[in-house]
Amino acid sequence: MKIRKLVFSTNNEHKLEEVRAKVGKYYQVISLKDLGDDTDVPETGDTLEENAMIKADYLWNTYHLNCFADDTGLEVEALDNAPGVYSARYAGEHKSSEDNVAKLLKELEGKENRKARFRTVIALIMGGKRYLFEGIIEGVITTSPKGTSGFGYDPVFQADGYDKTFAELTLEDKNNISHRAKAVEQLVLFLRK
């Protein structure tokens, strides 16, 4: 079987590692860095879908290669689904995971409802046609960070049915249940057709 190339519009090594673990059997996933491109494509959309498509469009329009991009948001019920599309820059444009987590925990102080969900949208452009895939995992926000693996909000997100945060799970365990894994599974099913 010939392995085909698919470009993932990211320079985030954590995301790249997660996605390669799922897609690697079917496609060689290469990153922007592999193309010598360190562009940080501005996420100017109002939704995860728009942001994912903006990043995929950048790649398609620049390189005319089959590609995909994702955008992920943490939606916290008690905060009217904030930070949502602004998850990466919740505490400011400097995009600090530690500051984002600190702000989130402060916003949730005194709130009993800690229900949250991670949502990932993947935009795929293949042969010029556009497709969207979504993955969601429900859970709660813990009262303090726990664990050292993962990234972003992983130290404070505990998936329903688990007693560990995403940052306490192994990469393999997280890859089996995460929002991104669910979206990537849909992508893989589509790519295998």
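Residues numbered from 1 in each chain as written. Predicted model: local features only at pLDDT ≥ 70, side-chain atom pairs only at ≥ 80, totals over all residues. Heavy atoms only, no water.

The following threshold applies: UniProt positions are given in the numbering used here, feature names are shortened, and annotations may be inferred rather than shown by experiment.
Per an unreviewed UniProt entry, the recorded name for the chain is dITP/XTP pyrophosphatase, and the organism is Dysgonomonas alginatilytica. One UniProt comment on the chain, placed under Subunit (unreviewed entry), says "Homodimer."

## Examining unusual backbone geometry
In terms of backbone geometry, most residues other than glycine have negative phi values and most peptide bonds are trans. The criterion, for reference: Helix and strand labels come from DSSP, where a helix needs a run of H or I of at least four residues and a strand needs a run of E of at least two; each type is numbered from the N terminus. The buried label applies to any residue whose accessible area, calculated with a 1.4 Å probe on protein chains only, is under 20% of its type's maximum; exposed applies above 50%, and partly exposed to all values in between.
Residues Ala82 and Pro83 are joined by a peptide bond in cis, for which omega reads 0°. If you trace the backbone, Pro83 turns up in strand S4 (residues 82-84). Backbone geometry at His64 places phi at a positive 55°, although glycine is not the residue there. By secondary structure assignment, the location of His64 is in the loop between helix H2 (48-63) and strand S3 (67-76). Non-glycine residue Lys95 carries a positive phi angle of around 50°. Structurally, the position occupied by Lys95 is in the loop between S4 and helix H3 (97-107). For Lys95, a relative accessible area of 38% puts it in the partly exposed group.

## Concerning the side chain of Ser178
Rules: Here a polar contact means two N or O atoms within 3.5 Å. Within protein one must be a hydrogen donor candidate and the other an acceptor candidate, and residues neighboring in sequence count only if both atoms are side-chain atoms. Note on contacts: a residue pair qualifies if any of its non-hydrogen atoms lie within 4.5 Å across the two residues.
Along the chain, the position of Ser178 falls in the loop between helix H4 (171-177) and helix H5 (179-192). A polar atom in the side chain of Ser178 sits 2.9 Å from the backbone nitrogen of Ala181. If we skip the residues at most four places from it in the chain, Ser178 touches Glu18, Ile137 and Phe166.

## Structural notes on the nonpolar core
To be explicit about the condition: Residues enter a nonpolar core if they are buried and are Ala, Val, Leu, Ile, Met, Phe, Trp, Tyr or Cys, with the set joined through side-chain atoms within 4.5 Å.
Leu74, Val76, Leu104, Ile141, Tyr153, Phe157 and Phe166 are the most contacted members of the largest nonpolar core, which has 19 residues in total. When residues of this core are traced back to their parent elements, those giving at least two are S3, H3, strand S5 (115-126), strand S6 (129-141) and strand S7 (157-159). With three residues, H3 is the single largest residue contributor to this core. Here Tyr153 is in contact with Leu74, Pro83, Ser87, Tyr90, Asn100, Val101, Leu104 and Phe118, once residues within four sequence places are set aside. Judged by nonpolar contacts, the second largest core, of 17 residues, contains Leu6, Val19, Tyr27 and Ile122.

## Here we look at the UniProt feature "active site" (unreviewed entry) in the chain
According to UniProt, the feature "active site" (unreviewed entry) maps to Asp71 in the numbering used here. Position of Asp71 among the secondary structure elements: in strand S3. Ignoring sequence-local partners within four residues, the contact set of Asp71 consists of Glu43, Thr47, Leu48, Asn51, Ala52, Lys55, Val85, Arg119, Thr120 and Val121. A distance of 3.0 Å separates polar atoms of two side chains, one belonging to Asp71 and the other to Asn51.

## As for the pattern of salt bridges
Rules: We define a salt bridge as a side-chain nitrogen of Lys or Arg found within 4 Å of a carboxyl oxygen belonging to Asp or Glu.
On inspection of all chains with the given rule, the structure shows 15 salt bridges. Notably, a salt bridge pairs Arg89 with Glu43, separated by 3.5 Å at the nearest N-O pair. Here Arg89, found in the loop between S4 and H3, pairs with Glu43, found in the loop between strand S2 (27-31) and H2; they are 46 residues apart in sequence, far enough to count as distant. Judged by its relative accessible area of 19%, Glu43 falls in the buried class. Of the charged contacts in the structure, one is a salt bridge between Asp154 and Lys174, with a shortest N-O distance of 2.6 Å. You can see Asp154 sitting in the loop between S6 and S7 and its partner Lys174 sitting in helix H4, a full 20 residues away along the chain. For the residue pair Asp154 and Lys174, the accessibility class agrees, reading buried in each case. Each of Glu43, Lys55, Asp71, Arg89 and Glu93 takes part in one network of salt bridges that share partners.

## Observations regarding H2
The condition is simple: Take the number of residues in a helix, subtract one, and multiply by 1.5 Å to get its expected span.
Relative to the 22 Å expected for 16 residues at 1.5 Å per residue, H2 spans 23 Å between its end C-alpha atoms, a close match to the ideal helical length. Turning to H2, its buried residues are Leu48, Asn51, Ala52, Met53, Lys55, Ala56, Asp57, Leu59 and Trp60. Looking one or two residues beyond H2, the residue adopting positive phi is His64, at roughly 55°.

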